[in-house]
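Descriptive analysis of the structure
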Number of protein chains: 2
Amino acid sequence: MDVGTRLQTIRRLKGLSQRELAKRAGVTNSTISMIEKNSVSPSISSLKKVLAGIPMSLMEFFSMDMEQDRHAQVVYKAGELLDISTGSVSMKLIGKAHTGRAIAFLDETYPPGADTGEEMFVHDGEEAGVLIEGRLELTVGSQTYLLECGDSYYFDGSQPHRLRNPFDQPARLISATTPANF
Amino acid sequence: MDVGTRLQTIRRLKGLSQRELAKRAGVTNSTISMIEKNSVSPSISSLKKVLAGIPMSLMEFFSMDMEQDRHAQVVYKAGELLDISTGSVSMKLIGKAHTGRAIAFLDETYPPGADTGEEMFVHDGEEAGVLIEGRLELTVGSQTYLLECGDSYYFDGSQPHRLRNPFDQPARLISATTPANF
DNA sequence: TCCAAGCGTTGAAAATATTGCACACTCTGG
DNA sequence: CCAGAGTGTGCAATATTTTCAACGCTTGGA
């Protein structure tokens, strides 16, 4: 996706006209028109000015450029997942049929008091997760974090890590780890 | 951190001279000099050419951490995620600081009527997800599935795919894709 | 020592981006 | 039906960036 089309998409998403955005950004409407039609390649400074009127940073702007990825047995019903629970922590592996898998995608439930254990996990690859219910305590290396609903994490699997639920509400976590180590 | 200084830092990190980079990029050494001294604000097209000589994408360039401790960030508060939404679909990238990431881990919200688009996505790697709220319609290849709350999916990214919310309730999806292509 | 090859910088010319203004078009209200 | 305010586009003038061709500097080898 080119710069012009991307700018136009974002501008329309925000419900702004070329002139309105131009006024906010402190440039002329012609500039916006030219950029959107890709008849010029704006300078960083002017693109930055334009984006300030949205407002949006250069990083955010260029981060949108990926060809978005959405998208065997493909779909699994909630009760159909492979249970790989250890101890009191319930872990459901999404996509049980995929053996040479690239991602270990888990739906984990931590009842009050649950703990992944004293010895911390170490593995290759990277790990990400988001907490969608309750609260959890995450330890990575020597740091301990409190995760609240909606919070997420991303770290290198070579760092030892551990999850614990010292609270009195169950917690639900969606996590992805790569490469799959099952 | 300004564009010029950032470019210079990256160039030196790669052990390239202005002239060497200029040659690879297909611009003149003066251009590099001017940009690095911030005596001009390069056009997107020329910055893109310059970065191609490194090689590096515009997104990577602007996403580069300036604060070292960003590398160490493990936990992200809910509002702190990088928004990479396209169209009406809200997508939050978990772990914004990780550039050479192995997983694209996203928290996505599909309002009623939202759609990833007519042309279906295709990419390398694999993709997994779990629906934690609402209902969604998933199309993979020629098959269309109805996802309900708690349902999940796992498939190869080489199959064209698309997500749609034809229902009147918003849907929230947690997804992981590998390799990360942004 | 001197030369050749590398480095980054700089001024004037060429190329490109931005402005200022006008145009054609689509609405909406009178 | 027209007037007025909105939209995006296009063109000549202006401002900025990029190139070309130097310059002075440092380094390493003959």
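Counting of residues starts from 1 at the beginning of each chain's written sequence and follows it residue by residue. To label them, take the chains in the order written and letter them from A, then take the ligands in the order written and number them from 1. Local features in this predicted model are restricted to residues whose pLDDT is 70 or higher, and side-chain atom pairs enter the listing and the counts only when it is 80 or higher, whereas totals over whole chains, interfaces and linings include all residues. Note that water and hydrogens are dropped before the side-chain values are worked out from all heavy atoms of the structure.

Okay, the confidence of the model for chain A next. Residues and elements named next belong to chain A. Across chain A, pLDDT averages 76, with 69% of residues at or above 70. How sure the predictor is of each residue is captured by pLDDT, a score from 0 to 100. Helix and strand definitions here come from DSSP, where helices need a minimum of 4 consecutive H or I residues and strands a minimum of 2 consecutive E residues; each element is numbered from the N-terminal end. Here strand 2 (residues 82-83) is the element of chain A with the lowest mean pLDDT, 60, and helix 3 (residues 29-36) is the one with the highest, 92. Within the model, pLDDT remains below 50 along residues 65-72, and this stretch shows 36 contacts once partners closer than five positions in the same chain are excluded. Two residues form a contact once any of their heavy atoms are found within 4.5 Å.

Time to look at the packing of aromatic side chains. Ring pairs shown here join Phe, Tyr and Trp side chains whose ring centres sit within 6.5 Å, with only the six-membered ring taken for Trp; geometry is labelled stacked below 30 degrees between planes, edge-to-face above 60, and tilted in between. A complete count under the given rule lists three aromatic pairs over all chains for this structure. Between the aromatic rings of Phe61 of chain A and Phe62 of chain A, the centroid separation amounts to 5.2 Å while the plane-to-plane angle is 85°, which identifies the pairing as edge-to-face. With respect to class, Phe61 of chain A is no different from Phe62 of chain A; both count as buried. An aromatic cluster is defined as three or more aromatic residues linked by ring pairs; in this entry it consists of Phe61 and Phe62 of chain A together with Phe61 and Phe62 of chain B. Only when the NZ of Lys or the CZ of Arg is both within 6 Å of the ring centre and within 35 degrees of the ring normal is a charge said to sit over the ring. The positively charged end of Arg135 of chain A is found above the aromatic ring belonging to Phe167 of chain A, 4.2 Å away from the centroid. A cation sits over an aromatic face here: Arg6 of chain B above Phe61 of chain B, 5.4 Å from the ring centre. A simple rule labels every residue: compare its accessible area, found with a 1.4 Å probe on the protein chains alone, to the largest value its type can have, and call it buried under 20%, exposed over 50%, or partly exposed in between.

The next subject is the protein's contact with DNA strand C. Here a residue is considered near a molecule or strand provided that any single heavy atom belonging to it is located within 4 Å of it. In the vicinity of DNA strand C, 19 residues are found, and the nearest of them are Thr31 and Ser46 of chain A together with Ser17, Gln18 and Arg19 of chain B. Among the atoms of DNA strand C lying within 4 Å of the protein, the sugar-phosphate backbone contributes 58%. A distance of 3.0 Å separates a base oxygen of DNA strand C from a polar side-chain atom of Asn29 of chain B. For the surface near DNA strand C, the secondary-structure elements that each account for two or more residues are helix 3 of chain A together with helix 2 (18-25) and helix 3 (29-36) of chain B. Under the scheme applied here, ten amino acids are nonpolar (Ala, Val, Leu, Ile, Met, Phe, Trp, Tyr, Cys and Pro), four are charged (Asp, Glu, Lys and Arg), and all others, including Gly, are polar. Its residues assigned to classes, the surface near DNA strand C shows four nonpolar, eleven polar and four charged. Here a polar contact is taken to be a pair of N or O atoms separated by no more than 3.5 Å, where protein atoms must pair a possible hydrogen donor with a possible acceptor and residues adjacent in sequence count only if both atoms sit in side chains.

Moving on: the pairing of strand 4 (residues 104-110) of chain A. Residue and element names in this part refer to chain A. Within strand 4, six of the seven residues are buried, leaving the element largely enclosed by the surrounding structure. Two strands qualify as a pair provided that DSSP identifies no fewer than 2 bridges between them. When strand 4 meets strand 10 (residues 171-178), the two strands line up antiparallel, connected through seven bridges. Paired with Ala104 across the strands is Thr177, a residue of strand 10.

The next point concerns the nonpolar core. Throughout this description, the term nonpolar core refers to a set of buried Ala, Val, Leu, Ile, Met, Phe, Trp, Tyr and Cys residues connected via side-chain atoms within 4.5 Å. Counting residues in hydrophobic clusters, the biggest one holds 40 residues, and the most contacted among them are Leu51, Phe61 and Phe62 of chain A together with Leu51, Phe61 and Phe62 of chain B. Excluding its chain neighbours within four sequence positions, the residues that come into contact with Phe61 of chain A are Val3, Arg6, Leu7, Ile10, Leu47, Leu51 and Met56 of chain A.

A separate point is the protein's contact with DNA strand D. Among the 20 residues in the neighbourhood of DNA strand D, the closest are listed as Ser17 and Arg19 of chain A together with Thr31, Ser41 and Ser46 of chain B. Each atom of DNA strand D within 4 Å of the protein belongs either to a base or to sugar and phosphate, the latter forming 60%. One of the side-chain N or O atoms of Ser30 of chain B is found 2.8 Å from a base nitrogen in DNA strand D. One of the backbone N or O atoms of Ser41 of chain B is found 2.8 Å from a phosphate oxygen in DNA strand D. Secondary structure elements with two or more residues in the surface near DNA strand D: helix 2 (18-25) and helix 3 of chain A together with helix 3 of chain B. Sorting elements by how many residues they give to the surface near DNA strand D places helix 3 of chain A first, with four residues. Taken together, the residues that form the surface near DNA strand D break down as five nonpolar, eleven polar and four charged.

Residue and element names in this part refer to chain B. Strand order in the open sheet formed by three strands is 7-6-9, with antiparallel pairing between adjacent strands. The open sheet terminates on both sides in strands that have one partner only, identified here as strand 7 (143-147) and strand 9 (161-164). The mean angle between the axes of side-by-side strands here comes to 20°, regardless of whether they run parallel or antiparallel. One ladder, built from five bridges, connects strand 6 (residues 136-140) with strand 7; its direction is antiparallel. Within the sheet, the bridge partner assigned to Val140 lies in strand 7 and is Gln143. For helices, the fitted axis covers only the stretch in contact; all axes are lines through C-alpha atoms, and the angles between them, taken along N-to-C directions, range from 0 to 180 degrees.

Next up on the list: the side chain of Glu36 of chain B. All names here are of chain B. Tracing the sequence through the fold places Glu36 in helix 3. For Glu36, a relative accessible area of 6% corresponds to the buried category. A distance of 2.6 Å separates polar atoms of two side chains, one belonging to Glu36 and the other to Arg11. Engagement of the side chain of Glu36 in a polar contact is seen with the side chain of Gln18, the distance being 3.2 Å. When sequence neighbours within four positions are dropped, the list of residues in contact with Glu36 reads Gly4, Thr5, Leu7, Gln8, Arg11 and Gln18.

Moving on, we come to the pattern of salt bridges. A side chain with one charge can pair with a side chain of the opposite charge if their charged atoms come near. In what follows, salt bridge is the name for a side-chain nitrogen of Lys or Arg lying within 4 Å of a carboxyl oxygen of Asp or Glu. Per the counting criterion, the structure on display carries ten salt bridges over all chains. For Asp115 of chain A, the salt bridge is made with Arg162 of chain A, and the minimal N-O distance between the two is 2.6 Å. Taken together, the residues Asp115 of chain A in the loop between strand 4 and strand 5 (126-133) and Arg162 of chain A in strand 9 (residues 161-164) connect sequence positions 47 residues apart. Among the residues examined, Arg162 of chain A registers a relative accessible area of 16% and is labelled buried. The partner of Arg172 of chain B in a salt bridge is Asp107 of chain B, and the shortest N-O contact between them spans 3.0 Å. Within this pair, whereas Arg172 of chain B is found in strand 10 (residues 171-178), its partner Asp107 of chain B is found in strand 4 (residues 104-110), the two being separated by 65 residues in sequence.

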